[in-house]
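What follows is each chain in one-letter form.
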Amino acid sequence: MDIENWQLVENWFLLLTSLAALVWPAIMLATWWSYRRCRSLKPELHLDADTKSYASISVVIPARDEEAGIEGSVRSVLAQQGVDLQVIVVNDHSTDRTGEILAGLAAEDDRVTVIDDPPMIDGWLGKANALQHAVGHATGDYILFSDADIDHRPGSFAAAAREIREQGYALLSLMPLYRWEGLWENSMAPAYLLAMTNFLSGSIHDPQSDDAIALGAFILVDSDVYRRLGGHEAVKDMMLDDVGLAKHFKRKGQSTAFYVAPQCLSVRMYDGIRSVFYGCTKNILAVFGGNFWLACPLAVTFAFGALCVLGAPLVGAMLGSKLLLVLGIAVYLEVYVAVLLARAYMKCNLIKLALFVTGMPVLLAAAGLAVYQAAAYGSVLWRGRAIRVN
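What comes next is a walk through the structure. (Residues numbered from 1 in each chain as written. Predicted model: local features only at pLDDT ≥ 70, side-chain atom pairs only at ≥ 80, totals over all residues. Heavy atoms only, no water.)

1. Section: the sheet that holds strand 10 (residues 256-260)
Then step 1. The eight strands are arranged 1-10-7-9-5-2-3-4 in an open sheet whose pairing can be described as mixed. Every other strand in the sheet has two partners, leaving strand 1 (39-40) and strand 4 (112-116) as the edge strands with one partner each.
Then step 2. Where strand 3 (residues 83-91) and strand 4 come together, five bridges link them in parallel fashion. Across the sheet, Val-89 pairs through a bridge with Val-114, a residue of strand 4. (Pairing = 2+ DSSP bridges. Helix = DSSP H or I, 4+ residues; strand = E, 2+ residues; numbered from the N terminus.)

Here is the structure:
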């Protein structure tokens, strides 16, 4: 390549890297602002001695092939104090040891009810179908929907029950601490940070807006209001049924709230490259829905970011451009620091996070598969089920 072409390469890298160097500080500021807008919740450590004042909560957990984490999650629920508990777990046609584990827990504690292999209702997605079957057995004043891989800290239910009562919410959702342990999980941390910042920067706290957010990790609802609004009927075919449920409540004039609560609960979303890949594929389609084609431009944007981080210092060193070298290193540090600043909400491995650029090929491949499945089949395959793209 002649000198003129190398100069063109340098100029392009300077342009892209300069833009990235300006964007990431803005992202850091947006992240700080969006999290600061959310109220926080800590576990209730000083419990009322009068058991008659305890809130009655029916905990509903859908579980499909969750043998790795279901026992620990259910035990963390059963360990809660300061509330009157009923625990309903749906073994949703699991092919692993989930049913066997749940049977053992039910035999051990009579507060646990297990519903095995509920029949599919036409037009309903698997998770919403499982929840709909479970709520018919719920007797509590409040229903708590939670996922099968959540670790609930002692006192978190009592704190949430107190908050929903005192504030008069019809729905309260808590954001957990996300634990990134493996290399591939940590590589997704910057992308997840952007996604959550986007969600939280909306008008979710404005009572006049229909915008709302909830996470399946923890959604506590007033059972009377929930039933009056038709349960999960309104979100029966949504991949993001948790967000849809919060928006449905708000559109119907009910008060909803979203708190950050890393001290109350935590989750490890993925446990390897396979779960990262297919989890990203599903989540991309869940976010974009019918506009699935937007997934590719987004992935390409991330790829350009990775190119800036990897290519700019290399090209800068090859061409003797100190400015390009410094800019490339600066962008890398900005991304790394942005995730570190959110460490109260995302627990990362500092060494593995430093290799975050390795996640870009995975994200690009996941976006490509998501677009292909949506365009060719109109659905995405998740845990052995085809989920229609809304």
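Next comes the rest of the account.
2. Examining the packing of aromatic side chains
The geometry of an aromatic ring pair is captured by the separation of the ring centres together with the interplanar angle, meaning the angle of the planes.
Then step 1. What the rule picks out here adds up to 10 aromatic pairs.
Then step 2. Centre to centre, the rings of Phe-145 and Tyr-226 are 5.4 Å apart; their planes meet at 55°, and the pair counts as tilted. Within this pair, whereas Phe-145 is found in strand 5 (residues 142-145), its partner Tyr-226 is found in helix 8 (residues 223-228), the two being separated by 81 residues in sequence.
Then step 3. Of the residues examined, Phe-145 reaches a relative accessible area of 4% and is grouped as buried.
Then step 4. On the numbers, 5.9 Å between centres and 75° between planes, the contact of Phe-157 with Phe-218 is edge-to-face. Residue Phe-157 is found in helix 5 (residues 156-167), and its partner Phe-218 is found in the loop between helix 7 (189-200) and strand 9 (219-222); the two are separated by 61 residues along the sequence.
Then step 5. Every member of this aromatic cluster is reached through a ring pair, and the members are Tyr-178, Trp-180 and Tyr-192.
Then step 6. A cation sits over an aromatic face here: Arg-37 above Trp-33, 4.5 Å from the ring centre. (Phe/Tyr/Trp six-rings, centres within 6.5 Å; stacked < 30°, edge-to-face > 60°. Buried < 20%, exposed > 50% of the residue type's maximum accessible area, 1.4 Å probe, protein only. Lys NZ or Arg CZ within 6 Å of the ring centre and 35° of its normal.)

3. Regarding empty space enclosed by the protein
Then step 1. One pass over the full model with this rule turns up one cavity of 30 Å³ or more.
Then step 2. Taken as a whole, the largest cavity spans an internal volume of roughly 60 Å³.
Then step 3. For the lining of the largest cavity, the secondary structure elements donating two or more residues are strand 2 (55-63), helix 4 (126-135) and helix 9 (241-251).
Then step 4. The greatest single-element share of the lining of the largest cavity, amounting to three residues, is contributed by helix 9.
Then step 5. Grouping the amino acids of the lining of the largest cavity by side-chain chemistry returns six nonpolar, three polar and four charged. (1 Å grid on protein atoms, 1.4 Å probe; cavity = no way out; pocket = protein on both sides within 12 Å on 5 of 7 lines; lining within 4 Å. Points joined across faces, edges and corners; volume = space filled by probe spheres on them. Nonpolar A, V, L, I, M, F, W, Y, C, P; charged D, E, K, R; others polar.)

4. Let's talk about the pairing of strand 9
Then step 1. Two elements, strand 5 and strand 9, share four bridges in a ladder whose sense is antiparallel. Note that in strand 9 the partner of Tyr-142 across the bridge is Asp-222.

5. Some words on the sheet that holds strand 12 (residues 346-347)
The strands making up a sheet associate through hydrogen bonds between their backbones, and the pairing can be parallel or antiparallel.
Then step 1. Taken together, four strands build an open sheet; the order of strands is 6-11-8-12 and the sheet is mixed. Whereas interior strands pair on both sides, the edge strands pair on one side only; in this sheet they are strand 6 (150-152) and strand 12.
Then step 2. In the sheet, strand 8 (residues 177-179) pairs with strand 12 via two bridges, with the strands oriented parallel. If you follow Arg-179 over to strand 12, its bridge partner there is Lys-347.

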